[in-house]
Amino acid sequence: MEPPRKEAKDNPSASANLLSKIFFCWLNPLFRIGYRRKLQEDDMYKVLPEDASDRLGEELQRYWNQEIQQAANDLRSPKLTKALIECYWKSYLLIGSYIFIEEVIKVIQPVLLGKLIEYFESYDPANSPAVSEAYIYAAGISLSTISLTVLHHLYFYHVQRAGMKIRVAVCHMIYRKALCLNSSALAKTTTGQIVNLLSNDVNKFDEVTLYLHFLWIGPLQAVSVIILLLYAIGPSCLAGMAVFFFMMPVQTMFGRLFSRLRAETAVLTDERIRTMSEVISGIRVIKMYGWEKPFGALVDEVRRMEISKIMKSSYLRGLNMASFFAASKVIIFVTICVYVLTGNKLSASRVFMAVSLYGAVRLTITLFFPCAIEKVSESLISIERIKVSILQLEAIYFPVVCSDYFSSLLSAILGELSQESGVIKVKGELTYTSQQPWILPGTIRSNILFGKELNLKKYDRVLRACALKRDMDLLPGGDLAIVGDRGANLSGGQKARVSLARCAGQQYRKMPAYLSSVPGCRYLFFFMLFLLCRCICGLLRKKPRILVTHQLQYLKAADQIVVLKEGQMVARGTYSELQGSGLDFTSLLKEDKDQDEQRQNTTPLSGPVSGLPHALSDNSSMSSLSSSRYSLIEGTEPLAMVGVCKALDFNWKKVFNQACIKLLMYYAVLMLVFVFLSGLTATSVVFGFVRSLIFFNVLVSSAQTLHNNMFNAILRTPIRFFDINPIGRILNRFSKDIGYLDSLLPWTFVDFIQVSLTSAVIAVAAVIIPWILIPVVPLLVVFLFLRCYFLQTSRDIKRLESTTRSPVFSHLSSSLQGLSTIRAFKVQQRFQQMFDEYQDLHSEAWFLFLTTSRWFAVRLDGICSVFVTITAFGCLYLRDGLEPGAVGLALSYAVTLTGMFQWGVRQSAEIENMMTSVERVVEYAELESEASWETDKQPPSDWPKAGCITFDRVNFSYSASEPLVLKNLSLVFKSREKVGIVGRTGAGKSSLISALFRLAEPEGRIMIDGFLTSEIGLHTLRQKMSIIPQDPVLFTGTMRKNLDPFKQHTDEDLWNALQEVQMKAMVDELPSKLETVLTESGSNFSVGQRQLVCLARAILRKTRILIIDEATANVDPRTDGLIQQTIRDKFQECTVLTIAHRLNTIIDCDRILVLDAGMIQEYDEPYVLLQNQDGLFYQMVQQTGRAEAASLLHTAKQVTTSTFREIVPL
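Residues numbered from 1 in each chain as written. Predicted model: local features only at pLDDT ≥ 70, side-chain atom pairs only at ≥ 80, totals over all residues. Heavy atoms only, no water.

Trainee: Where do I start with the overall build of the chain in this structure?
Mentor: The helix and strand tally for the chain stands at 41 helices and 19 strands. Here the chain holds 1210 residues, and 59% of them are scored as buried. Of the roughly 48400 Å² of accessible surface on the chain, 58% is carried by carbon and sulfur atoms. (Helix = DSSP H or I, 4+ residues; strand = E, 2+ residues; numbered from the N terminus. Buried < 20%, exposed > 50% of the residue type's maximum accessible area, 1.4 Å probe, protein only. Areas by Shrake-Rupley, 256 points an atom, 1.4 Å probe, with all protein chains shown as cover.)

Next up, the structure:
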């Protein structure tokens, strides 16, 4: 919740004078800074008020709302296209005046050129009026060239800015609707889809605005040129125009094919980004299970299909470009042939006037007009995708498979679930801490304050009440320590307490009600008791509090208790009132008491004792709330590319050299063809087509290589990388940067190669007028300086544009993960404001990217205008002895140079700028890799047989720059031993498991059955162990895919595993059974059900070592009992390590390991540990309460007695 950055500088373009705005002189200070040093974010200018995200978004939203209302009245589907047109048509139409005047001048300029050449055809030294007239024509050519320079860049500046405005407005609207997503809507729309909308689809607005005006300019200009050509060469021009008009439907066909391929590619890109999002989100589990290769194959397959579509699109684009450059040659060839064959005599003035007229219309008819069709087609597809997503975000309701009625109650109060009947009334404002803690990237302090001002006294009280004071003292940087995406560098308990402190801090100010969904499940008994006394019943005692919990021992502190059964309220009252009511609440309590008595009166025959043998109901139902009319809050207060070289295998000498050699071979072959073919025109056409196809093939293949290398590097990098890099930042490389490499970079590179050939114009002019090289030399020096001067700043701006884009995606991803919390705190407006600030920050960089490009282009075209002026007046000054044809050739080529030259140079600069994306991809492709997946040293196929684990002087840290989290650990987990691991949050429990799985390389020695784990391949090691993680990780796909992702088991095995976890009946009742599709992260199942699926997955793996990392943190006691009983039954022959906060789940273990601050405090049998009254474990047991402590002690004693009888039969 921290602001993106400090206040930016005022934008000088707002106060610039007219000349400064035309020639972008207001950017000069920025270029001076950029030439001296590297540009930073603080060097950027504030976004102009009319470009601000909130203003643009609200304006478009108003038109969209009107369109929705109108569509409802007309009984039709709303059209986002109509809303966009109504919002922007006036301003965009006004911009068309620039291009209209520019195209008029383009048509007039060839006439002036023809008149000047006519002077040389009828040259008479004594005719002074003709000389004066010729100078007027030369001046007209020069002035028209300068005018074209100014108008061209003003037009493109304004249309690009218009495209930016539309993109920003649509992004604002998408995010605004995303904040309204309910839990059922999230099942339909994934994070990857929304990220793809913001990274790819909205960019079509930047492209379509460039060419849209040519849809009406093109036909007008064609008619004007035909009239002038009829005047110049008569009806023969119709033959050339026929070629033009033949090209238009061909180009249109290309556009339609391209649009279809674009639509197909977008679907595959969505699928790839969604899969990537899930892989990154679940990377810890993927690494622990050794699933990198199968998931890599999954992404590779989607990418292979995607690149196939991209390659076809690139071939179409190559044919499109080749036809554009070939068209001018074919048109002139056909026109001259028809003109001569019809008995006309060629003259230089007529030929070059015709050539220039064709040149004026060539770009519009064969490039811009087809491009407009292509971009409009693409944009319509993107607009439709955006519209569908927005409509989905506005209203989606379908059932969610869930049996967690407690959390459903809170969701209904928060408005996250819609009621079928009845009324929910909430007076005042709410705060909420969710079952799975939500942490924003930023400091711990910003997560707690959540946008509020800091009051040190109250803030300190909140830290103490939430048991965070000691954590702040231990963490480097205290509460200003930066936490990664989703709080990756905090323990589960710390995340939960930070989330609780956020609520307590808001409540402590003014909020009247507090909701908590099972927060205590992530705390040890000590912390839960502490938080109950100091926070919930202390700091918040004057507020109504609703606490959803499975921990029945704390219900005595409640003012009122509401008992839910299958979504209905079956009882309500105080603890004493419900104790004698005979309902389910009492039966749960009595069941606990009966178990206590049974423990005291019964001696177990063998094996561990089950603490909670509750059975999970086989019946499942759709989550809903009954129509019980009871207010939980009313009344009392209850407690309820040089870069391209790197791109190809990261080494110019290895891959791209080979590609270049291939290209040179192709060129050599094509040159031989050129020599032997008699038709030069046909040769150039074929040459152009083949060249384009080859270039596109090589460059798109390079993008594929880059993507594969980056993805492989991501899969192999240590887990620490994902802890410190937000998911949005990583996905940005796979969406935006790879998108550049796939489509934009190949097109730009091929375009640059073609346009750069226009430099031959200078050579042609020099042959005709050799002295022209004298002014060319200083102009060339100025050009080289400008290019160097520009690139110094341009690279930094492109880098800033990329880096300021990432926070937009990170903020979107974080917001989607914490939607319930955002809405509970009613901070949607604040998060929308933050999103707008991130968008404005990116717009600042994008605005500079647009304007600096125009600054450079207008100066390059200025140099070309000077060259045209020198050529025109030079020809007049040296008119004696000059042939009309030579003059026409020099001048027509010189005029062509304007625009083309600056475009080619800018394309070369753009290629260098796009190398930023290449460098960003290469940076990830060269990430540090963890140890090898396979090594030469292979243990036996049946290893490990016993499952004995030995830690010998083990130290562990997640990175070399961080302090140790495990210190000098030496211990042995015996074969088939069941070991419980306890300790306060941050004690190193989960880090011990990370060391065992080698998620980071530990110091010291860890051995399993005598084999040193550091000498074994990571996959060999990890695939021989099973883990049930702290947070259940499921993937989008069927139930079958989540149980058996790689089809290694039969259906019978899958059903048996589900039967073991008592989910067979529930899955069997689903319409598609094992083929039932789970939504993103399995969100259409409750947390407990997801945990049971993870348990079934572990049962299927059949390994000798099982690790349970707080797997029961989010489940009720019955599900906890079921999981514990299943583990005892199915993993009797396994070594089981259990990290738990509920002491009753590990009290019957063979031994208990107590950790504190990364060191072993105690390690022995539970009963032995409880004899040491000074021990940490004894204190933890006592803090659970007298009755619970006695029960735990009795269970520990029974386990010890049972074990003794097994070893020494009586």
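Trainee: Would you mind going over the nonpolar core with me for this structure?
Mentor: Soluble globular proteins tend to bury their nonpolar side chains together. The biggest cluster of nonpolar side chains holds 106 residues, and the ones touching the most others in it are L27, L84, V170, I174, L198 and I386. Broken down by element, the residue count for this core peaks at 21 residues, all from helix 30 (residues 828–877). Non-local contacts of L84, meaning those with residues more than four positions away in its chain, are made with L60, I166, V170, F205 and I383. (Core = buried A, V, L, I, M, F, W, Y, C linked by side-chain atoms within 4.5 Å. Contact = heavy atoms within 4.5 Å.)

Trainee: When you look at the pairing of strand 16 (residues 1105–1109) in this model, what are you seeing that I'm missing?
Mentor: Sheet faces and side chains relate simply in a regular strand, where the side chains alternate between the two faces. Counting buried residues along strand 16, five of its five residues qualify, which places the element largely inside the surrounding structure. Burial along strand 16 is two-sided: the face carrying I1105, I1107 and D1109 and the face carrying L1106 and I1108 are both buried. Where strand 13 (residues 1025–1028) and strand 16 come together, four bridges link them in parallel fashion. Bridge pairing links S1026 to L1106 in strand 16. (Pairing = 2+ DSSP bridges.)

Trainee: Even after reading the chapter, I still don't get the packing of aromatic side chains, so can you show me in this structure?
Mentor: The final tally for this structure, using the stated rule, is 30 aromatic pairs. Here the aromatic rings of F790 and F856 are separated by 4.2 Å at their centres, their planes lie at 5°, and the arrangement is stacked. Separated by 66 residues along the polypeptide, F790 in helix 28 (residues 773–817) and F856 in helix 30 bring together distant segments of the chain. With relative accessibility at 2%, the residue F790 sits in the buried group. Summarising the aromatic geometry, the rings of F973 and Y1163 are spaced 6.1 Å apart at their centres and angled 80° between planes, so their arrangement reads as edge-to-face. Separated by 190 residues along the polypeptide, F973 in strand 9 (residues 966–973) and Y1163 in strand 19 (residues 1159–1164) bring together distant segments of the chain. For F973, a relative accessible area of 0% puts it in the buried group. Put simply, the rings of F31, Y35, F785, Y789, F790, W855 and F856 touch in pairs and so form one group of aromatic residues. Across from the ring centre of W933, 3.8 Å away, lies the NZ or CZ of R716, which sits over that ring. (Phe/Tyr/Trp six-rings, centres within 6.5 Å; stacked < 30°, edge-to-face > 60°. Lys NZ or Arg CZ within 6 Å of the ring centre and 35° of its normal.)

Trainee: Where do I start with the pairing of strand 19 in this structure?
Mentor: In this structure, strand 18 (residues 1151–1156) lies alongside strand 19, joined through five bridges in antiparallel fashion. Each residue of the ladder has a partner; that of L1153, found in strand 19, is Y1163. Count of turn residues in the strand 18/strand 19 antiparallel hairpin: two residues, of which A1157 carries a positive phi of about 55°.

Trainee: Looking at this structure, how should I read the pattern of salt bridges?
Mentor: When the charged atoms of two side chains lie near each other, side chains of opposite charge can form a pair. The final tally for this structure, using the stated rule, is 49 salt bridges. Residues K204 and E207 are paired through a salt bridge, measuring 3.8 Å at the closest nitrogen-oxygen approach. Taken together, the residues K204 and E207, both in helix 8 (residues 204–211) and three residues apart, mark about one turn of the helix. Owing to a relative accessible area of 12%, K204 belongs among the buried residues under this scheme. For E207, a relative accessible area of 22% puts it in the partly exposed group. A single salt-bridge network, built from bridges that share partners, covers E50, D51, R161 and K165. (Salt bridge = Lys/Arg side-chain N within 4 Å of Asp/Glu carboxyl O.)

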